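A structural walkthrough
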Amino acid sequence: MMQALVAGGWGLLAGSALLLGAAVGWFTKLPQRVVAGVMAFGSGVLISALSFELMDEAEAHGGLAATALGFVVGAALFTGANLLIAWRGGKHRKHADGRAKDGGNPTALAIGALLDGIPESIVVGVSLLGGGGVSLVAVAAVFLSNIPEGLSSAAGMKAAGRSFTHVALLWGGIALASGVSAMVGYLAFDNAPPETIAFVQALAAGAILAMIIDTMAPEAFEGAHNAAGFIAVAGFLAAFALSKAA
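No experiment lies behind these values; they were computed from the predicted model shown. (Residues numbered from 1 in each chain as written. Predicted model: local features only at pLDDT ≥ 70, side-chain atom pairs only at ≥ 80, totals over all residues. Heavy atoms only, no water.)

1. Considerations on the UniProt feature "transmembrane region" (unreviewed entry) in the protein
Cross-referencing UniProt, the feature "transmembrane region" (unreviewed entry) maps to residues 6-27, 34-52, 64-85, 122-144, 164-189, 196-217 and 223-242 in the present numbering. What you have in residues 34-52 is 100% helix and 0% strand, and the ends, taken at the C-alpha atoms, are 27 Å apart. Taken end to end, residues 223-242 has its terminal C-alpha atoms 27 Å apart, with 85% of it in helix and 0% in strand. (UniProt positions renumbered as here; feature names shortened; annotations may be inferred. Helix = DSSP H or I, 4+ residues; strand = E, 2+ residues; numbered from the N terminus.)

Dropping the structure here:
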């Protein structure tokens, strides 16, 4: 049970970036290029994490079939849910200019954050299975991907006339849900067959990669332009080096 609480703590830490981003989006006005740079760097970190921390480990432990199936299912689930959320007003939840368009639909924005965060948080919990330490790369990747989401949504909600208390409670609740998801990820898959864990890891990887391409990469390029690719490479290299040093 102690390890489950540890998993929840790491998930909560990663999810707390939503609150950090929300505070920055509410009280300051960051230049678009800065937000886009964070998104580009975070995209590189996430790609590294899903490549080496998720897909590579999943295939090594559970085989290619379970890994490939999970990867495709994860991408399909995210894409379908993302289309629904975009239709309901959550399309710009990672907008690089720090504003969710027209304040966004708060419910759709919250569901979108959960859609992005739950598979990521489950990965944080699963990374503790086997008695090893948490994947710092996974935690860093989730943290960095959450900052622009909280920033953009909070700025948009402020423009729409919502109170800071409302925004803080909303994102605080989602951060708490991230911690619970990490704990559930650890408890649900402790002692699970290797193929099952591989499927779950790959499912998260597929959902994360679809999220990067659908939401983070376009917004990062829109704000950082030709520098986005180089910044993403820097993020990938930093995460790769961290994974090898751990």
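Picking up after the structure, the text goes on.
2. Considerations on the packing of helix H3 (residues 32-62) against helix H9 (residues 228-245)
Two elements in contact, H3 and H9, have axes separated by 7 Å at closest approach and are oriented at 40°. By the angle class used here, H3 and H9 are oblique. Once H3 is placed against H9, the crossing between them reads as right-handed. For the pair H3 and H9, contact is made by Gly37, Ala40, Phe41, Gly44, Val45, Ile47, Ser48, Phe52 and Glu53 and by Ala228, Ile231, Ala232, Ala234, Gly235, Phe236, Ala238, Ala239, Phe240 and Ser243, respectively. (Axes fitted to C-alpha atoms, helices over the stretch in contact; angles between N-to-C directions. Parallel < 35°, antiparallel > 145°, perpendicular 65-115°, else oblique. Left-handed = near helix turned anticlockwise from the far one by under 90°. Contact = heavy atoms within 4.5 Å.)

3. Points about the packing of aromatic side chains
For the coordinates displayed, the defined rule picks out four aromatic pairs. Note on phenylalanine 27 and phenylalanine 164: the rings are 5.1 Å apart at their centroids and 55° apart in plane angle, and the pair reads as tilted. Of this pair, phenylalanine 27 sits in helix H2 (residues 17-27) while phenylalanine 164 sits in helix H7 (residues 164-189), placing them 137 residues apart in sequence. According to the relative accessible area criterion, phenylalanine 27 is exposed, its value standing at 58%. (Phe/Tyr/Trp six-rings, centres within 6.5 Å; stacked < 30°, edge-to-face > 60°. Buried < 20%, exposed > 50% of the residue type's maximum accessible area, 1.4 Å probe, protein only.)

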